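Listed here are the chains, written in short residue letters.
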Amino acid sequence: MIAPPWQSGSAAYPGPEPRARTLCPYCLNHLDWSDYGEVPLVRNTPDGPEVLTRAPDEPEVRWRHRTLGAMRQCHGDGDPHFLPADYGDLDPLIIGLVGASAAGKTHLLTAMIAQLERRKAMLAPELRIEPLDGHMRQRFYEDRIRPFLEQRRVLPATRRSARAEFVYALRVSSEYTGRTHAVGFFDVPGEHYHRYEYEDTPFLSLADAILYVADGQQLRTGDDWNPWVPDPGFTHAITQLLHTRQTRDGLLPPSAIVVAKSDMLAGLDGTVAHWLARDDETVLGDLRTAEDENEAAYAFLDRHGAELWLAPFHSGSPTTLHFASASGVAPIPEEGVFPHQNFRPTRVLRPLLSLFSATGLVPRIDTEEPGQYL
């Protein structure tokens, strides 16, 4: 029997491994994290970065307090940039978000992180999840979580910056791996993926997992289906991954395809309505239905002319497919806000849990038999 496309090419991905030397995810240069001369510990001051050094007689508790919130400075490409202070002491796991402009990447990631913080205690008991950097967490809360989830405002498009950097990062301690991981998320403007601007997406060459985000709204034209579904911009990432992986392990990293804004499709197709109505992201064991969702979503997208959205399935990447909505409802036209009624993230954690399982942070869940988490 021919294997379904979500299983083809799915050689077991080895997951993140401890790295003797740290690769900077911003400039792709090797760093000796133990060398504070090469990668100095710094803190921001009104006059610029200040290098921190410990006095010979400085008490341990004072040194630890003084370095709270500090960063490590990398000069790998001649342009100084900063990484969380503990990044190179942990096992990095990099997750890249890929998709066209206005696909919903920013809203999806915001809802995903907020839900993860709320439900982390019940999702997987062998994981301890914390922010990797307090300042980064505070910026994320003020710039994204507060306006979107508390004030129901539409977030602005992701701004183009001089360098792609983590938009958020987690410290994840896993009893299953016996290690602590720095899980970093990259979210860059969608135009990079249509212009093939590889210099703006270096993190993809190191990515341990990919979250492909497709705009469900693009399947619609008014009250009917769009006869010509736009390109979601996935080919850029697949091409970069295929080229750079030739010099690494030869395997493409695990991925998840998310049909974002699925709430806008539920009224047109019973398949979407069925999956959005399911409450199946409370514990890790809910992933036992992943294969059923893959089959249903693959058939749905193929039926509605979204073959380009399925490209990751055919790239050799172990892939799952998900229906999700960051808001649960469409924004009010021209007001820039979402209505109060029915506003809630829907099934946004499921893709992230799938990637956690595929990369080995937690045990793999049998998608045909109930697992230990039920």
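If you're wondering where the values come from, they're calculated on a predicted model, not measured in any experiment.

Undergrad: Can you tell me about the domain arrangement of the chain, naming the residues and giving the values?
TA: When cut into domains, the chain gives domain 1 (22–85) and domain 2 (90–359). Taken together, the contact pairs 14 residues of domain 1 with 14 residues of domain 2. When domain 1 packs against domain 2, close to 1100 Å² is buried across both sides, 67% of that on carbon and sulfur atoms. Three residues, Pro 25, Tyr 26 and Pro 84, lead the burial of domain 1 against domain 2; their summed loss comes to 54% of the area buried on that side. Summed over the shared surface of domain 1 and domain 2, the number is two salt bridges. Ionic pairing is found between Asp 77 and Arg 163, a salt bridge with its closest N-O pair at 3.0 Å. Scanning the region where domain 1 abuts domain 2 turns up four residue pairs in polar contact (both at pLDDT 80 or more). With three residues, strand β6 (residues 81–84) is the largest single contributor of residues to the side of domain 1 that touches domain 2. In terms of residue class, the side of domain 1 that touches domain 2 is made up of ten nonpolar, two polar and two charged.

Undergrad: An account of the pairing of strand β5 (residues 71–74) is needed here, citing residue identities and associated values.
TA: Across the two faces of β5 the burial is the same, with Met 71 and Gln 73 and Arg 72 and Cys 74 all buried. The sheet contact formed by strand β3 (residues 41–45) and β5 spans two bridges and is antiparallel. The partner of Leu 41 across the bridge, within β5, is Arg 72. As defined by bridge partners, β5 adjoins β6 across four bridges and the pair is classed as antiparallel. Bridge pairing in β6 places Cys 74 opposite His 81. In this structure, the hairpin formed by β5 and β6 is closed by a connection of six residues, where Gly 78 is found at a positive phi of approximately 90 degrees.

Undergrad: A description of the sheet that holds β5 should follow, citing residues and the corresponding values.
TA: Strand order in the open sheet formed by four strands is β4-β3-β5-β6, with antiparallel pairing between adjacent strands. Single-partner strands in this sheet number two, and they are β4 (48–51) and β6. Across this sheet, the average inter-strand angle for adjacent strands is 50 degrees, counted without regard to direction. Relative to β4, β3 runs antiparallel, the two being bridged by four bridges. By the bridge assignment, Thr 45 is partnered in β4 with Gly 48.

Undergrad: An account of the packing of helix α2 (residues 105–123) against helix α8 (residues 349–358) is requested, with residue identities and associated values reported.
TA: For the pair α2 and α8, interaxial distance at closest approach is 10 Å and the crossing angle is 60 degrees. The orientation of α2 with respect to α8, classified from their angle, is oblique. The handedness of the crossing between α2 and α8 comes out as right-handed. For the pair formed by α2 and α8, the contact residues are Met 112, Gln 115, Leu 116, Arg 119 and Leu 123 on the first element and Leu 349, Leu 352 and Leu 353 on the second.

Undergrad: Go over the environment of Glu 117, please, and point to the residues and values.
TA: As for its position among the elements, Glu 117 is in helix α2. When the C-alpha atoms of Glu 117 and Ala 266 are compared, they prove to be 27 Å apart, with 149 residues separating the residues in sequence. Excluding residues that lie within four positions of it along the chain, Glu 117 makes contacts with Arg 137 and Tyr 168.

Undergrad: If you had to explain the side chain of His 81 to someone new, which residues and values would you point to?
TA: For His 81, the position within the fold is in strand β6. Within the local environment of His 81, its side chain forms a polar contact with the backbone oxygen of Asp 79, the two atoms lying 2.6 Å apart. The residues contacting His 81, other than those within four sequence positions of it, are Cys 24, Tyr 26, Cys 27, Arg 72, Gln 73, Cys 74, Gly 76, Arg 163 and Glu 165.

Undergrad: Run through the environment of Gly 99, naming residues and quoting values.
TA: With respect to the element layout, Gly 99 can be found in the loop between β7 (91–98) and α2. Residue Gly 99 is classed as buried on the basis of its relative accessible area, which comes to 0%. Taking the C-alpha atoms as reference, Gly 99 lies 9.9 Å from Ile 257; in sequence the two are 158 residues apart. In this structure, Gly 99 is in contact with Lys 105, Gly 190, Tyr 193, Val 213, Pro 232 and Phe 234, ignoring residues within four places of it in sequence.

Undergrad: Hey, could you go over the layout of surface pockets for me, with residue numbers and the actual values?
TA: Approximately 1200 Å³ is the volume found for the largest pocket. Together, 43 residues line the largest pocket, and Arg 139, Arg 159, Glu 165, Phe 166 and Val 167 are the ones closest to its centre. Mapped by element, the contributors of at least two residues to the lining of the largest pocket are β3, β6 and α3 (134–150). The biggest single contributor to the lining of the largest pocket is α3, with seven residues. Split by residue class, the lining of the largest pocket holds 22 nonpolar, seven polar and 14 charged. Composition of the lining of the largest pocket by domain shows at least three residues from each of domain 1 (22–85) and domain 2 (90–359).

Undergrad: Residues and numbers for the packing of aromatic side chains, please.
TA: Across all of its chains, the model carries 15 aromatic pairs by this definition. Ring geometry for Tyr 87 against Phe 166: centres 5.6 Å apart, planes inclined by 50 degrees, an arrangement best described as tilted. With Tyr 87 in the loop between β6 and β7 and Phe 166 in the loop between α3 and β9 (168–174), this residue pair connects regions lying 79 residues apart in the sequence. Overall, Phe 166 belongs to the buried group, its relative accessible area being 7%. Aromatic side chains Phe 166 and Phe 186 sit 4.8 Å apart centroid to centroid with 50 degrees between the ring planes, which places their arrangement in the tilted category. In this pair, Phe 166 is assigned in the loop between α3 and β9 and Phe 186 in strand β10 (residues 179–187), connecting sequence segments 20 residues apart. Counting every residue linked through ring pairs, the aromatic cluster contains Tyr 26, Trp 33, Tyr 87, Phe 166, Phe 186 and Phe 203. Geometry around Trp 33 places Arg 72 over its ring, the cationic atom sitting 4.5 Å from the centre. Positioned above the aromatic ring of Tyr 36, the side-chain terminus of Arg 72 is 4.0 Å from the ring centre.

Scoring rules and cut-offs
Residues numbered from 1 in each chain as written. Predicted model: local features only at pLDDT ≥ 70, side-chain atom pairs only at ≥ 80, totals over all residues. Heavy atoms only, no water. Domains from an automatic or database assignment. Contact = heavy atoms within 4.5 Å. Buried area = accessible area lost by both parts, 1.4 Å probe. Salt bridge = Lys/Arg side-chain N within 4 Å of Asp/Glu carboxyl O. Polar contact = N/O pair within 3.5 Å; in protein donor to acceptor, adjacent residues only side chain to side chain. Helix = DSSP H or I, 4+ residues; strand = E, 2+ residues; numbered from the N terminus. Nonpolar A, V, L, I, M, F, W, Y, C, P; charged D, E, K, R; others polar. Buried < 20%, exposed > 50% of the residue type's maximum accessible area, 1.4 Å probe, protein only. Pairing = 2+ DSSP bridges. Axes fitted to C-alpha atoms, helices over the stretch in contact; angles between N-to-C directions. Parallel < 35°, antiparallel > 145°, perpendicular 65-115°, else oblique. Left-handed = near helix turned anticlockwise from the far one by under 90°. 1 Å grid on protein atoms, 1.4 Å probe; cavity = no way out; pocket = protein on both sides within 12 Å on 5 of 7 lines; lining within 4 Å. Points joined across faces, edges and corners; volume = space filled by probe spheres on them. Phe/Tyr/Trp six-rings, centres within 6.5 Å; stacked < 30°, edge-to-face > 60°. Lys NZ or Arg CZ within 6 Å of the ring centre and 35° of its normal.

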